[in-house]
Structure formats: structure tokens, C-alpha cells
Amino acid sequence: MNELLLILSVVFLYGLLLLWFKLFGKIGVYCFTVFATLLANIEVLILVNAFGIEMTLGNVLFATTFIATDILSETESKEAAKKSVNIGILTSISFMLLTSSWLLYTPSASDWAMPSITKIFSSTPRVILSSLTVYAIVQRLDVWLYHKIWDYTEKKTGSRKKFLWLRNNLATITSQLVNSILYNVFAFYGTFPNNTLVIIIISTFAIAIVTSLLDTPVVYIARNIAPKDSNQNIELK
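Residues numbered from 1 in each chain as written. Predicted model: local features only at pLDDT ≥ 70, side-chain atom pairs only at ≥ 80, totals over all residues. Heavy atoms only, no water.

**Considerations on the nonpolar core**
Convention followed: The term nonpolar core refers to a set of buried residues drawn from Ala, Val, Leu, Ile, Met, Phe, Trp, Tyr and Cys, joined through side-chain atoms within 4.5 Å. The buried label goes to any residue with under 20% of its type's maximum accessible area, the exposed label to any with over 50%, and the partly exposed label to all in between, with areas taken from a 1.4 Å probe on protein chains only. The numbering of helices and of strands both runs from the N terminus, where a helix is a DSSP run of H or I of at least 4 residues and a strand a run of E of at least 2. Any two residues having at least one pair of non-hydrogen atoms within 4.5 Å are treated as being in contact.
One finds I67 and I71 to be the most contacted residues of the largest nonpolar core, which totals 46 residues. Listing elements by their share of this core, those giving two or more residues are α1 (2-24), α2 (26-43), α3 (59-75), α4 (78-102), α6 (124-157), α7 (164-188) and α8 (194-225). If we ignore the near neighbours within four places in the chain, the residues touching I67 are Y14, L17, D215, V218 and V219. Among the nonpolar cores identified, the runner-up in size contains six residues, and V48, A50, M55 and L57 belong to it.

This is the structure in C-alpha cells:
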């Protein structure tokens, strides 16, 4: 059942990102970045077994933030992709501060939610700080590497449109490798046994490879359905 749910979540979230981009252009991608960042910071607390390995949830949601920056790089500009990264960082900071403030309240005698809220969000500051630090590193790495590969292939072929699959996969997989190691060590070292942590790192990167390969058609579709005022990056640069 977990396997089916993960597959369906990939289809749903990739489709949702394309829908938001089609309807609202780059603003839709920015909004989706906020949506994915918020939910990934909560979902990552859940540990499940799927495809024969133990993994945290949130991997698919986090992967969509890489697709978001790749779509913006491809159809808008490097600056638009960087803005998406900054939006994700500010979202995490705001989320951490607000959820931490909830724990300072003294609940009433009839309250039933605070014990669950406390159990969930008392651990989120470390998770979000880890996520925030690693997110800032790997997303900027992804944008930088994406455009470095793009500039190189353009110089070699004379075409701005060719080798989308190469820049998309190479930039994302490299960034996801760095993310899988840094994030899981920062967020979960000492929380899980070391052997479990290693398994989580391996499973996280394995999922990242799959989601990276699957997101390439999404970026191609996004380039084809981009609003008419987009594609400046492809045609003019």
C-alpha cells in the first residue's frame, strides 16, 4: 500500500505543479514552492517502509522544489529560480518561528490538541533548521550547476534548447546526493540508530534518483506550456 501511495503522490504532485504553472505562470511556481516547503517539513517526520527499505516521507514533496527551480530556470531566468529558493528559505523560517510559538501557550483544561501538537512540533525546530541550511546550499547548487551545464552545452552545440535532459538530471541528481547526506545527518543524527540513518540516506538518494529521472518530462512539458511572456531565457540568452 505504501508503494502505491508513493507512486500516486509523484503523479499527483508533478501534475499539480504543472497545473499551477499553466494557470499562473511563475507566480504559480512560487506559490507551489511555499506549499511544498511547508508540507515537506511536516511529512518528513513520518518514517515508513516501502519498496523493501525504510524511508522518511517528504522526499517527493522536496523533490518538487527542485523541479520548480528547474522550470523557472528553463522558462524564465536564473534570477527567477534564485527567487524561488529565497521564497522557500523565508517560508521555512516563518514556519519554524510560528510553530515554535504555539508551544509557549498554556492550553485550557478542555484542550485536546496540544499534546499532539507538542509531540509533532517540538522536534520541528531541529528538522527545519537542518532543512533550511541544507535547502539553501543544495538549491543554490542546483541552480548554479543547471546554468553552468546549460552554458556549456550551448557553447558546444550553438543551441539554447538542446540537452535539457542533461542539465536537468545532472544538476538535480548531484544536488540531491549532497542533500541526502547533509540533511539526514543534520536532522536525524542521534535520533535514529546509525544503521537506520545510513539506510535512510541511501533510500533518500535512491528516491531522489527516481524522482529526478521522472521529472525530466515534467520540465519538457512546462517548457511547451509556458505562458507566452515566458521562454525569454531560451530564446534571447
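Next comes the rest of the write-up.
**Re the packing of aromatic side chains**
For clarity, the cut-off: Only centres within 6.5 Å qualify two rings of Phe, Tyr or Trp (six-membered ring in Trp) as a pair; their planes then separate them into stacked at under 30 degrees, edge-to-face at over 60, and tilted for everything else.
Under the definition given, this model contains nine aromatic pairs. On the numbers, 6.1 Å between centres and 65° between planes, the contact of F95 with F121 is edge-to-face. On the criterion of sequence distance, the pair formed by F95 in helix α4 and F121 in helix α5 (residues 114-121) is long-range, its members being 26 residues apart. In this pair, the class of F95 matches that of F121, namely buried. Between Y146 and W150, the ring centres sit 5.8 Å apart and the planes meet at 85°, which makes this aromatic pair edge-to-face.

**A look at the pattern of salt bridges**
Opposite charge on two side chains permits pairing when their charged atoms draw close. The line we're drawing: Salt bridge, as used here, is a side-chain nitrogen of Lys or Arg placed within 4 Å of a carboxyl oxygen of Asp or Glu.
Using the criterion set out here, one finds four salt bridges in the structure. Of the charged contacts in the structure, one is a salt bridge between R223 and E74, with a shortest N-O distance of 3.1 Å. Placement of R223 in helix α8 and of E74 in helix α3 is noted, with a sequence separation of 149 residues between them. It is possible to trace a salt-bridge network through shared partners that takes in E74, R167 and R223.

Everything listed is a geometric property; what it means functionally is a separate question.
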